[in-house]
2 protein chains.
Amino acid sequence: MRDVILAEATDLFAEHGYDGTSLNDIAAGVGIKRPSLLHHFPSKDDLYGEVFEQMLSHWLERVEAAMALPGSGWDRFSDVLSAGFELFAEHPSYVRLMRREALDGGSRLGIDLVGVVSPLFNTAVEWIDAEIAAGRFREVDARQVLITAYAALLGYVSDAPFINGLLGHDALSERPMHERCEHLLDLFRRLLLPATDVIL
Amino acid sequence: MRDVILAEATDLFAEHGYDGTSLNDIAAGVGIKRPSLLHHFPSKDDLYGEVFEQMLSHWLERVEAAMALPGSGWDRFSDVLSAGFELFAEHPSYVRLMRREALDGGSRLGIDLVGVVSPLFNTAVEWIDAEIAAGRFREVDARQVLITAYAALLGYVSDAPFINGLLGHDALSERPMHERCEHLLDLFRRLLLPATDVIL
DNA sequence: AGCGACCTACCAACCAGTAGGTAGGACTTT
DNA sequence: AAAGTCCTACCTACTGGTTGGTAGGTCGCT
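The structure presented is a predicted model; accordingly, all values stated were derived computationally and were not measured.

> Hey, could you run me through the protein's contact with DNA strand D in this one?
Inspection of the region around DNA strand D gives 16 residues, with A:Arg34, A:Lys44, B:Lys33, B:Ser36 and B:His40 positioned closest. Put simply, 54% of the atoms of DNA strand D that lie within 4 Å of the protein are in sugar or phosphate. A:Leu23 places a polar main-chain atom, nitrogen or oxygen, 3.1 Å from a phosphate oxygen of DNA strand D. Elements with a minimum of two residues in the surface near DNA strand D: helix H2 (23–30) and helix H3 (34–40) of chain A together with helix H3 (34–40) of chain B. The element best represented in the surface near DNA strand D is H3(B), accounting for 4 residues. When the residues that make up the surface near DNA strand D are grouped by side-chain class, the tally is 6 nonpolar, 7 polar and 3 charged.

> What is the right way to read the interface of chain A and chain B from this model?
Taken together, the contact pairs 47 residues of chain A with 47 residues of chain B. Three residues, A:Leu103, A:Phe162 and A:Leu166, lead the burial of chain A against chain B; their summed loss comes to 18% of the area buried on that side. In this assembly, chain A and chain B are joined by 6 salt bridges. Measuring nitrogen to oxygen at the nearest pair gives 2.3 Å for the salt bridge that ties A:Arg100 to B:Asp104. Counting the contacts that link chain A with chain B gives 16 residue pairs in polar contact (both at pLDDT 80 or more). For the side of chain A that touches chain B, the elements supplying multiple residues, two or more each, are helix H1 (2–16), helix H6 (92–103), helix H7 (113–133), helix H8 (142–158), helix H9 (160–167) and helix H10 (174–192) of chain A. At 11 residues, H8(A) tops the list of elements feeding residues into the side of chain A that touches chain B.

> Got a minute to help me understand the side chain of A:Ser158 in this structure?
Of note, A:Ser158 is situated in helix H8. Residue A:Ser158 is classed as buried on the basis of its relative accessible area of 0%. Of the polar contacts made by the side chain of A:Ser158, one reaches the side chain of A:Asp159; its length is 2.8 Å. What A:Ser158 contacts, discounting residues up to four positions off in sequence, is A:Val95, A:Arg96, A:Arg99, B:Arg99 and B:Leu103.

> So what exactly am I meant to see when it comes to the pattern of salt bridges here?
Two side chains of opposite charge can pair, provided their charged atoms sit close to one another. Applying the stated criterion to the full structure yields 20 salt bridges over all chains. Between A:Asp186 and A:Arg189 there is a salt bridge whose closest N-O contact spans 3.5 Å. Of this pair, A:Asp186 and A:Arg189 both sit in helix H10, 3 residues apart, roughly one helical turn. One salt-bridge network, in which partners are shared between bridges, spans A:Arg138, B:Asp186, B:Arg189 and B:Arg190.

Parameters and conventions
Residues numbered from 1 in each chain as written. Chains lettered and ligands numbered in written order. Predicted model: local features only at pLDDT ≥ 70, side-chain atom pairs only at ≥ 80, totals over all residues. Heavy atoms only, no water. Near = heavy atom within 4 Å. Polar contact = N/O pair within 3.5 Å; in protein donor to acceptor, adjacent residues only side chain to side chain. Helix = DSSP H or I, 4+ residues; strand = E, 2+ residues; numbered from the N terminus. Nonpolar A, V, L, I, M, F, W, Y, C, P; charged D, E, K, R; others polar. Contact = heavy atoms within 4.5 Å. Buried area = accessible area lost by both parts, 1.4 Å probe. Salt bridge = Lys/Arg side-chain N within 4 Å of Asp/Glu carboxyl O. Buried < 20%, exposed > 50% of the residue type's maximum accessible area, 1.4 Å probe, protein only.

As structure tokens, this is what we get:
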């Protein structure tokens, strides 16, 4: 039951935000009443906290697995980007949740979003700088590249309802997602690789 | 007084969202009581509607002005991008408001966000395609490029509280904003221009 | 008997919105 | 000039409804 509640809460918090989701909504979604829900989770804050922690741990798990893969240079960058994209395609709710938290400054709870992501961010910055030093990447501002990657990946998925309207079809279905991924890979290849290596 | 309320409401809706902002908060922010606020605006929905319409009209005004500028090819793209960036730098609240609305599907009110933005989007797609046909741009998927521009521009500003934490300094102050703009210009130059024109 | 899962019934706090009244400035009428 | 009439901007006090959370009881299973 806990897991069912957690899943329903993840969807609703992602869809309508913390303030836009009532415990009644979540309880009704799993077919019980609010007090029964509060039997499993002590408070709304705690429930949200668990939702967010679960999301973060799934996310970290994937990213760390992708970063642990062997390889260097463009292949490695491409692997990590694809892994992130794949996770987001599987769990759009995670993206929307993350975006909402980032909008609110990532400090709704005791959870320190920045504290969790910062080490990963810095590791990635150092890796890119090392690749530049090794001559495998162009001289770019690693931080800017990573922020662009973050924004371009998240934006497409988090704003899917809006982008659906612009494109006239479901942005999250398989083919559009694949095209989006190809576009991003092409984009970062052009951004990162020396001009001589870009031409395919 | 109406304008003061509108400005305060814009900030609070942008910062905490529709559900996270009470009429009491807004009224207190301008130093009056809720009923006095409702003397100027008939309801919370109406107030939000005016806030959003004002934001949209400011935004459209700027973009249309930038699109009306002469020039073609990269110079024109660069002008429009810079104009957008400048507006966002001046009014970060607009970006956060827009992002929240995009997250919610852009249909909180009668305002049809997609309906307003779609014509602009399609005009831009056609323009890029024409530039490609004229040989001034590479063969790219215009829609993907525009969505990336949208995401990369908005993401940096809307998630500023989070990005502040990653970078360790104020992402919205003048120098970082300038660096961000330069990075984006470089990015899209590499993405859009034929390989032979990219090298500076 | 004990325990986990669920319930109804309640609470205080807050929400958007309404009713009705007051102070003061402006504009007309005498 | 004085008096009466409006109007705008604000107020206090209230309504009905929803919120998160609690108290206490019931059911079925081990």
